[in-house]
Amino acid sequence: MQVSRRNILAGAAATGALPLSLARAQAANTIRIGVMTDMSGLYRDNTGPTSVAAAREAAAEFGASHGFRVEVIEADHQNRPDVGVNLARQWYDQGMDLILDVPTSSVGLAVSGVAREKNKAYINVGSATADMTGAQCSPNTIHWAYDTYMLARSTGGATVRAGGDTWFFITADYAFGHALERDTANFVRNSGGRILGQVRTPFPGTTDFSSFLLQAQASRAKVIGLANAGADTQNCVKQAAEFGLTRRGIKLASLLLFVNDVHGMGLQAAQGLVCTESFYWDMNDKTRAWTERMLRRVPTNYPNMIHAGCYSGALHFLKTVAAMGVP
């Protein structure tokens, strides 16, 4: 019976191939979702407590009429792969049914490896690297909401079409930054543009980007590609404004930018930036209604595509479990 249920789950259109170990969940009559996220670091607003709230909103809307309880557990991985691996092993060994979110691509790739080893389910939302479905693809991991290929094609492509044909990258020195720089550079070259240089910034911990911005300016590139995210992107944009780089005609391409970053840096500093999101809170009546429900849980932070992804990923997972007939 367990095998046939796995086969049903593997064919489910909503979530693809998600192997589960259901014996423990059936015995306890509880499905457990672990939201592993950044609760205290530079990605806190873009993921963090709002990701947890989104998963809990999904569980609340799913309801208790399907024959099983839903428990949402949270943990802070501190943007460290070793912490993420230890948490994943502990959670899976204790019967966690799904790990969700996991921003920071180095942590996300490490957790994906544990999910494959333990033959457990992992819906990655926060980690952006396209390697998750490329070189390090796993049958246990679904990449949900967005990735570096999407960002490169949209923000990078739009910037090249607007005349930005020479680039210099300021790149966070870990898996996410490397993948975003690589994917964007490919689109720039394929469109006839040139890469004039790049610099890698230590991650995490860099707050002063002045020397990196001056290197970018010295390259005479038309575009400075920011292959970073969160507080790193905010600091880059604000410090570029202080140096007057945009007044000199240099374009900033913020390759991963959230509405939360715009709120953090202010509208004046954010003027002219391109933002690519697969969800925007004010897009239509449904997105506004869902955002209103989310703001009741986290009043100080508007949801972005990661938060919407945690909500929809958790909800589709629970619908699939219910369709499997779990009592």
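Not measured: the values here are computed from a predicted model.

Definitions and limits used
- Residues numbered from 1 in each chain as written.
- Predicted model: local features only at pLDDT ≥ 70, side-chain atom pairs only at ≥ 80, totals over all residues.
- Heavy atoms only, no water.
- Phe/Tyr/Trp six-rings, centres within 6.5 Å; stacked < 30°, edge-to-face > 60°.
- Buried < 20%, exposed > 50% of the residue type's maximum accessible area, 1.4 Å probe, protein only.
- Pairing = 2+ DSSP bridges.
- Helix = DSSP H or I, 4+ residues; strand = E, 2+ residues; numbered from the N terminus.
- Axes fitted to C-alpha atoms, helices over the stretch in contact; angles between N-to-C directions.
- 1 Å grid on protein atoms, 1.4 Å probe; cavity = no way out; pocket = protein on both sides within 12 Å on 5 of 7 lines; lining within 4 Å.
- Points joined across faces, edges and corners; volume = space filled by probe spheres on them.
- Nonpolar A, V, L, I, M, F, W, Y, C, P; charged D, E, K, R; others polar.
- Polar contact = N/O pair within 3.5 Å; in protein donor to acceptor, adjacent residues only side chain to side chain.
- Contact = heavy atoms within 4.5 Å.
- Core = buried A, V, L, I, M, F, W, Y, C linked by side-chain atoms within 4.5 Å.
- Disulfide = S-S within 2.5 Å.

As enumerated under the stated definition, the model contains 12 aromatic pairs in all. Residues phenylalanine 62 and phenylalanine 68 carry aromatic rings whose centres are separated by 5.7 Å and whose planes lie at 35° to one another, so their mutual orientation is tilted. The class for phenylalanine 62 is buried, based on a relative accessible area of 8%. A relative accessible area of 2% places phenylalanine 68 in the buried class. For the pair tyrosine 280 and tryptophan 281, a centre-to-centre distance of 6.1 Å together with 50° between the ring planes defines the contact as tilted.

Turning to the sheet that holds strand β2 (residues 69-76), a few remarks are in order. The strand order across the open sheet formed by 5 strands is β2-β1-β3-β4-β5, and the pairing between neighbours is parallel. Unpaired on one side and paired on the other, β2 and β5 (141-143) mark the two borders of the sheet. Averaged over all neighbouring strand pairs, the angle between strand axes comes to 20°, with direction disregarded. With 4 bridges joining them, strand β1 (residues 30-37) and strand β3 (residues 98-101) adopt parallel strand pairing.

Counted under the stated rule, the structure contains 1 cavity of 30 Å³ or more. There is about 90 Å³ of room inside the largest cavity. In terms of lining, the largest cavity is formed by 15 residues, of which the most central are Tyr43, Gly126, Tyr146, Ala229 and Leu256. Among the residues forming the lining of the largest cavity, the class breakdown is 10 nonpolar, 5 polar and no charged.

Take serine 105: it is sitting in helix α5 (residues 105-118). Classification of serine 105 as buried rests on a relative accessible area of 0%. A distance of 3.1 Å separates a polar atom in the side chain of serine 105 from the backbone nitrogen of threonine 129. Each residue touching serine 105, except ones within four places of it in the same chain, is listed here: Ser127, Ala128, Thr129, Tyr174, Ala175 and Phe176.

The next subject is the nonpolar core. One finds Leu100, Tyr146, Trp167, Phe176, Leu256 and Phe317 to be the most contacted residues of the largest nonpolar core, which totals 56 residues. Looking at which element gives the most residues to this core, the answer is helix α13 (residues 305-323), with 10 residues. Val199, Phe209, Ile224 and Ala270 belong to the second largest nonpolar core, which has 21 residues in total.

Enumeration according to the criterion identifies 0 disulfides in this entry. As a non-bridged cysteine, cysteine 236 has cysteine 275 as the owner of its nearest cysteine sulfur, 16 Å distant. Unpaired in terms of disulfides, cysteine 310 finds its nearest cysteine sulfur in cysteine 275, a separation of 17 Å. Given a relative accessible area of 0%, cysteine 310 falls into the buried group.

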